[in-house]
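Below, each chain spelled out in residue letters.
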Amino acid sequence: MDRGYQKIFWGLIFVTFHLNLGPLRLLPPFVGWLILISGLHELTSRFQNSSISIESFQRAISFGKVLVALTLVDTIGTLVAGGALMESLVFLYYPIIVIMLEIIIFFYILEGTYKVFSELSFEERKVETQKKLRTYMVMGISSAVILIFTLFFNHTGTMVIGVLLGIVAVIYLLVYFSQLKKFWEQDPLGKPIDVENKLW
Amino acid sequence: METNRKILKVGIVLIAVLVVIGYVGVYLLRLDEPVVIEHYIEEQTYFAYQQSPRKINVELYYIANSTDDRVVSRIDFPEHPDLQVPASEFGMHGQFAVFTDGQQQTPGNIEGRYSIRTVYLEFAFDEDYQEGESIEITEAEIHLSDGSVFTAEIGSINFHFEEEHSNTIEFLSSSGSNYQTVTEFIVEEEIELVGIESEFLTLIQENLEMRVNGKNFQEIQGMIIEAGEKISIESNIKSSEIVGEKFRYLQLRPKIRFIKENGEEETAPTIAGWYHRQEYDFYEIFQYLQLKGAL
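Residues numbered from 1 in each chain as written. Chains lettered and ligands numbered in written order. Predicted model: local features only at pLDDT ≥ 70, side-chain atom pairs only at ≥ 80, totals over all residues. Heavy atoms only, no water.

Between chain B and chain A, the residue contacts involve 26 residues of the former and 28 residues of the latter. Carbon and sulfur atoms make up 74% of the area that chain B and chain A hide from each other, which totals about 2,500 Å². At the surface where chain B touches chain A, the tally comes to one salt bridge. A salt bridge links Arg5 of chain B to Glu111 of chain A; the nearest nitrogen and oxygen atoms lie 2.2 Å apart. (Contact = heavy atoms within 4.5 Å. Buried area = accessible area lost by both parts, 1.4 Å probe. Salt bridge = Lys/Arg side-chain N within 4 Å of Asp/Glu carboxyl O.)

This part covers the packing of aromatic side chains. Ring pairs (aromatic) are described by centroid distance and by the angle formed between their planes. All names here are of chain A. Enumeration over the complete set of coordinates arrives at 30 aromatic pairs over all chains. Ring centres 6.0 Å apart and planes at 90 degrees place the aromatic pair Phe117 and Phe122 in the edge-to-face group. Neither Phe117 nor Phe122 differs from the other in exposure class; each is buried. Judged by centre distance (5.7 Å) and plane angle (5 degrees), the rings of Phe117 and Trp184 are stacked. Remark: Trp184 occurs in helix α6 (residues 156-185) and Phe117 occurs in helix α4 (residues 94-119); sequence separation between them is 67 residues. Judged on exposure class, the residue Phe117 and its partner Trp184 are both buried. Chaining the aromatic ring pairs together yields one cluster made of Tyr5, Trp33, Phe106, Tyr136 and Phe177. (Phe/Tyr/Trp six-rings, centres within 6.5 Å; stacked < 30°, edge-to-face > 60°. Buried < 20%, exposed > 50% of the residue type's maximum accessible area, 1.4 Å probe, protein only. Helix = DSSP H or I, 4+ residues; strand = E, 2+ residues; numbered from the N terminus.)

Residue and element names in this part refer to chain B. Here five strands make up an open sheet; going across it, the order is β10-β11-β16-β13-β14 and the pairing antiparallel. At either end of the open sheet lies a strand with only one pairing partner, and these are β10 (169-176) and β14 (215-216). As judged from the five bridges shared by strand β13 (residues 208-212) and strand β16 (residues 230-237), these two strands associate in the antiparallel manner. Each bridged residue has a counterpart across the sheet, and for Met210 the counterpart in β16 is Ser235. (Pairing = 2+ DSSP bridges.)

Treat this as a map of the structure, not an account of what it does.
What follows is the structure in structure tokens.
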């Protein structure tokens, strides 16, 4: 469990924060999404043959694959056309479509987490996950709406607000994924979790 | 969790709808080709005071899509094919960019979906132009850095060539801003004022507040100025509220006409020109483009 959330944490870091070597981006976003998907696979395999529903995690994987494809096209397009392709009007709202897919993915990841806590009767964690998801979605959706207007009107002031709100939303998620990783790392009830037989 | 699901659904639908509206808006507001605003420019060249070639700098303004990274590489004037005029959006002492390499920032003031762009032109006239001759330019063939060309009505740019102007009134001082100028002259001999002249005066008459020695410029005919007295001209161009008028760039050189003691009629430049261009916001540009039928 902890490794799954750890990979989701690092995947999210790589898709959000860029490390460039001159014009070359060292870790293109599709690599981040692949790491995140790999983390989701760890979570699904953990509960594969148990009564815990993995449907939400699987949906997150499907949307993650769409994002891998999109960001791969973006990376190749940028390399081939030097950014001119992505600056064309057709791609005006490409960042918004990516944000929209991100919101869906993280909805399913946290919904899956909620179901795990629910099934394992971690009531406090269940309620916390629900609240965290709500706060993240409100910030993420608000950021997307602000950025839609910003991209249309080319307004720098509102762009700063939209981008900052988006970054705050991502950091908020990162903190929670880090907490989730630590939670499962610490062996919550003092003994190994046997999901299949509900022994914990 | 049901509330979260509802927030997600509403949020995604909202984002999707706004993105669709955004794309439709972007395509509806897109210009097929740049639109040049109206220019009304009058410039006099006096052979006696300027060396050949006599250079006159003119700025030409046009509206392009905010995403348009092409720049003007050349401007021809079909009415005067002999005129070779250097043109650049980077200033006359800047770079003459023919191709943008993606690294260089495209010039212009971006307002929403549009960008107000400035082309700097340097006209140079040699001895071929005779005293009393005039040139009027109303049309420009504008070449862009991607090789495309468009022809535009640009208003009216007029150049006049004269030998010299009257020395009966001597320039003393001038101050001013984009909207207001104050110019002072001293009169060498007694004169009777006839009026203020400018080719495009009628275009700004309603928005022009001009006083000659405190009197409205339209009422100065017959005003006597004694030798040694000053003429003070205060002028202020108010911003127009009419969309079409807002997008007129004015660069006027008004002249003062008077009758000397010996009955001769002369004109003298009032030195301070009127430069007038308003700042525009996205909605005003949109209104103007609609008025011009460009959208």
